[in-house]
Amino acid sequence: MKDVISTLEKYLSPVGLAKLLAIPNSDVHRFVAKAVDLCEPMKVFVCTDAQEDIDYIRRNAIARGEETELAIDTHSVHFDGFFDQARDVASTKYLVPKGESLGPHLEQRDRDEGLAHLNRRMKGSMRNKKMIIRFFCLGPLDSEFSIPVVQITDSFYVAHSEDLLYRSGYEYFKRHPDDKEIFWMLHSSGKLVQSVSIGWQKRGVYIDFKTNAVYSYNTQYAGNTIGLKKLALRLAIRKADSEGWLAEHMFLMAVHGPSGRKTYMTGAFPSSCGKTSTSMVPGATIVGDDLSYLRVIDEKVRAVNVEQGIFGIIRSVSKKDDPVIWEVLNSRQPAIFSNVLITEEGYPHWLEDGREIPPRGVNHSGPWWIGKVDENGEEIPLAHKNARYTINLNGLPNLDESLEDPNGVEIGGIIYGGRDADTWVPVTQSFSWEHGVITMGASLESKSTAATLGPSGQRMFQPFSNLDFLSIPLGQYIKNHLEFGRNVQKRPCIFAVNYFQQDENGKYLTGKDAKRIWLQWMDLRIHGDVKAIQTPTGYIPIYDDLKDLFKKYLNQDYSIEDYATQFTIRVPELLEKIYRIEKIYRESVSDAPDILFTIFAEQLARLKKAQDQFGDYINPAKFI
Ligand code: SPV
Ligand code: MN
């Protein structure tokens, strides 16, 4: 590339150039120069933190047809292409230098080949478009947790979403001229027809961890394009690995216990398994619903929300089950809905929202009517299962006061859970940090969902809910978790939850509101307020404690029969799970730590002993 400044002068207006050069960091100038040289945009917009710049982004998203305004003037809808409705795990690849490997669980491609390929794909990709240059900060500003990010995109929808989801960082970049640890994101939607990416068959997301850059093209779906979300997570996991902290796919919330005390918890559930609804549970306060950074500070585990907004699944959000979100989505708080139905009256409608189904409207397939089928004759639902809403956290009535605390919050509990029909009980506390990391985090399984492309409903290995985003070998990641807990004075308690237990007819065994009770029980356990029953797989609640909690928080009479069904220890399923998971680690995780196999063997022995004594399906009362 020619001289950086002359390249910038060729593409940027004097105003844009002045805004860019006000950031006194030559790495930033160089990255932008390389991007314009590659993508050859018609125009470039440099976005500062000023409200007029931010308004310009939203206005253009609508003017250019990437979003459509709804009846409530602060609401808009964006549609992704029919085949571009979720994260594309198979097309998301790490660029790995020759001779290196990240292990068999991660998609990778030779770095030189990959860079050459993406240069071909992205060359001239913005020729008749405007390039947007944005600056953000992951985590609270000016904190130990902060990571600055440059996002370049040709999608006003992506840029607008990021306004709702992240902390603007233009001024931050100006304040930190010497920052070398920047994440770089370059995205192009590629060719658009009716504002939708049409090159989805040739889409790709390439993670170049050598330079902390991620490139994404021919796609619009937020999970593939919003650099600060899952693309930055992959880079953050590597940064965390080298610096001794954790970058996690975890919500962050405060459970409010007796006498006004607050206990902060993080929780890792795979996509579409209840992270948002847990962090929004009535009575609790939310810090974040998807991504957390955890650090040990003064021998305590402290965490922040990486983001400042929610990109939440809207399917089945209803007035009854999600009163807070419902209220927000029906208010004038700014929101982008994606891949929902727009009714003839200009309101968004989604699956299982408890309202009457409108006969027609517009959705991701174009004009829609009841009974419309796709090219294979399959009926097209009124909205996509992975339809979403994007909002900022500020303005939520249940927002926790600590969102912007540069020191984060002290964590009392860490929760793992997934879509598990038949194995785990609703809540279990691990015996120790190591036991939790291995038998809960590293053993997590969940049914696949519409959040990723491909078939739904299949049991998948989902360690720590983070496998899709891992950028280091899995064994090393587990060792990092084990090590993390070693330097802590009071380790957070680790819990496993299961909201998705089903009976033989597929009926869920626990109500949606019960998650509040499991959280309150965890709070009591963390503070040593209640005893628990020791089972072969961990500590579970005593019936009387749950009965009191159901009465106190939900005014429900929790029956001993429900307790017995939900908390029955299902030995054959638990044994099968160990066999399944141990096999994966033995066969495909060459760097798995030895302690993992020891802990599996101990759990196996405890389960077999219980089976000999009490049989296959054990009523929890047997362990008292
Ligand atoms: C998830 O799928 O886990 C999400 C949405 O939080 S995405 O941005 O697609 O990752
Ligand atoms: Mn997520």
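Model, not experiment: these values are computed from the prediction. (Residues numbered from 1 in each chain as written. Chains lettered and ligands numbered in written order. Predicted model: local features only at pLDDT ≥ 70, side-chain atom pairs only at ≥ 80, totals over all residues. Heavy atoms only, no water.)

Enquirer: So what exactly am I meant to see when it comes to the coordination of the manganese ion (ligand 2) here?
Expert: Ideal geometry at a metal centre gives angles of 109.5 degrees when four donors are arranged tetrahedrally and 90 or 180 degrees when six donors are arranged octahedrally. At the metal site, the manganese ion (ligand 2) is ligated by K230 (NZ), H249 (NE2) and D290 (OD), and these contacts range over 2.2 to 2.4 Å. Mapped onto the sequence, the donors of the manganese ion (ligand 2) take the spacing K-x18-H-x40-D. Remark: H249 occurs in the loop between β14 (246-248) and β15 (251-256) and K230 occurs in helix α9 (residues 227-243); sequence separation between them is 19 residues. Here K230 matches H249 in class, with each residue buried. (Donors = N, O, S within 2.8 Å, 3.2 Å for Na, K, Ca; no water. Helix = DSSP H or I, 4+ residues; strand = E, 2+ residues; numbered from the N terminus. Buried < 20%, exposed > 50% of the residue type's maximum accessible area, 1.4 Å probe, protein only.)

Enquirer: Whenever I open this one, the domain arrangement of the chain confuses me. Can you help?
Expert: Interface size is commonly expressed as the accessible area that is lost once the parts come together. Per the domain assignment, the segments making up the chain are domain 1 (2-66 + 84-243), domain 2 (247-307 + 401-623) and domain 3 (311-392). Relative placement of domain 1 and domain 2: their C-alpha centres are 34 Å apart. With 35 residues of domain 1 in contact, the opposing surface of domain 2 contributes 42 residues. Roughly 3100 Å² is buried in total at the junction of domain 1 and domain 2, and carbon and sulfur atoms are behind 57% of that figure. Among the residues domain 1 hides against domain 2, the three largest losses belong to R87, H105 and F145. Together they make up 24% of the total. Taken together, domain 1 and domain 2 are joined by seven salt bridges. Where E243 meets R295, a salt bridge forms, and the shortest distance between an N and an O atom there is 3.7 Å. (Domains from an automatic or database assignment. Contact = heavy atoms within 4.5 Å. Buried area = accessible area lost by both parts, 1.4 Å probe. Salt bridge = Lys/Arg side-chain N within 4 Å of Asp/Glu carboxyl O.)

Enquirer: Explanation requested: the packing of helix α12 (residues 433-441) against helix α13 (residues 474-486) in the structure shown.
Expert: The packing of two helices is summarised by the inter-axis angle and the distance between the axes. Closest axis-to-axis distance for the α12/α13 pair is 9 Å, and the angle between their directions is 160 degrees. By the criterion of interaxial angle, the relationship of α12 to α13 is roughly antiparallel. The two elements α12 and α13 cross, and the hand of that crossing is right-handed. Residues W433, E434, V437 and I438 of α12 pack against I478, H481, L482, F484, G485 and R486 of α13. Split by residue class, the contact of α12 with α13 holds six nonpolar, two polar and two charged. (Axes fitted to C-alpha atoms, helices over the stretch in contact; angles between N-to-C directions. Parallel < 35°, antiparallel > 145°, perpendicular 65-115°, else oblique. Left-handed = near helix turned anticlockwise from the far one by under 90°. Nonpolar A, V, L, I, M, F, W, Y, C, P; charged D, E, K, R; others polar.)

Enquirer: Would you mind showing me how to read the sheet that holds strand β22 (residues 341-343) here?
Expert: Sheet strands associate in pairs through backbone hydrogen bonding, adopting either a parallel or an antiparallel arrangement. Within the open sheet, the four strands sit side by side as β23-β22-β24-β25. Their pairing is antiparallel. For this open sheet the edge positions go to β23 (348-349) and β25 (366-369), each flanked by a neighbour on one side alone. Across four bridges, strand β24 (residues 360-363) lies against β25 in antiparallel orientation. Directly across from N363, in β25, lies its bridge partner G366. (Pairing = 2+ DSSP bridges.)

Enquirer: Sorry if this is basic, but what is going on with the site of ligand 1 here?
Expert: In the region of ligand 1, the neighbouring residues are R87, Y221, G223, K229, K230, H249, S271, D290, F311, R388 and A451. Contact distances for ligand 1 include 2.7 Å between an oxygen atom and a side-chain N or O atom of K230. At 3.1 Å, a side-chain N or O of D290 approaches an oxygen atom of ligand 1. Its residues assigned to classes, the shell around ligand 1 comprises three nonpolar, three polar and five charged. There are two domains that each give the shell around ligand 1 at least three residues, and those are domain 1 (2-66 + 84-243) and domain 2 (247-307 + 401-623). (Near = heavy atom within 4 Å. Polar contact = N/O pair within 3.5 Å; in protein donor to acceptor, adjacent residues only side chain to side chain.)

Enquirer: Got a minute to help me understand the layout of surface pockets in this structure?
Expert: Where empty space is left in the structure can be found by rolling a water-sized probe over the atoms. There is about 1000 Å³ of room inside the second largest pocket. Considering the residues around the second largest pocket, the lining is formed by 39 residues, among which F82, F83, Q85, H364 and H384 are closest to the centre. Counting residues per element, the ones that place at least two in the lining of the second largest pocket are β3 (75-78) and β11 (196-197). (1 Å grid on protein atoms, 1.4 Å probe; cavity = no way out; pocket = protein on both sides within 12 Å on 5 of 7 lines; lining within 4 Å. Points joined across faces, edges and corners; volume = space filled by probe spheres on them.)

Enquirer: I'm lost on empty space enclosed by the protein in this one. Help?
Expert: Tallied over the entire structure, the rule returns four cavities of 30 Å³ or more. Roughly 210 Å³ of internal volume is contained in the largest cavity. Surrounding the largest cavity, 17 residues form its lining, W424, T439, T537, L574 and Q603 being those nearest its centre. Taken together, the elements giving at least two residues each to the lining of the largest cavity come down to α12, α17 (571-588) and α18 (594-614). For the lining of the largest cavity, the element with the most residues is α17, which contributes four residues. Residues that form the lining of the largest cavity fall into these classes: ten nonpolar, six polar and one charged. Taken together, I237, A240, D241, W245, L246, A247, E248, I472, Y477 and N480 make up the full set of residues lining the second largest cavity. Elements with a contribution of two residues or more to the lining of the second largest cavity: α9, β14 and α13. Considering only residue class, the lining of the second largest cavity consists of seven nonpolar, one polar and two charged.

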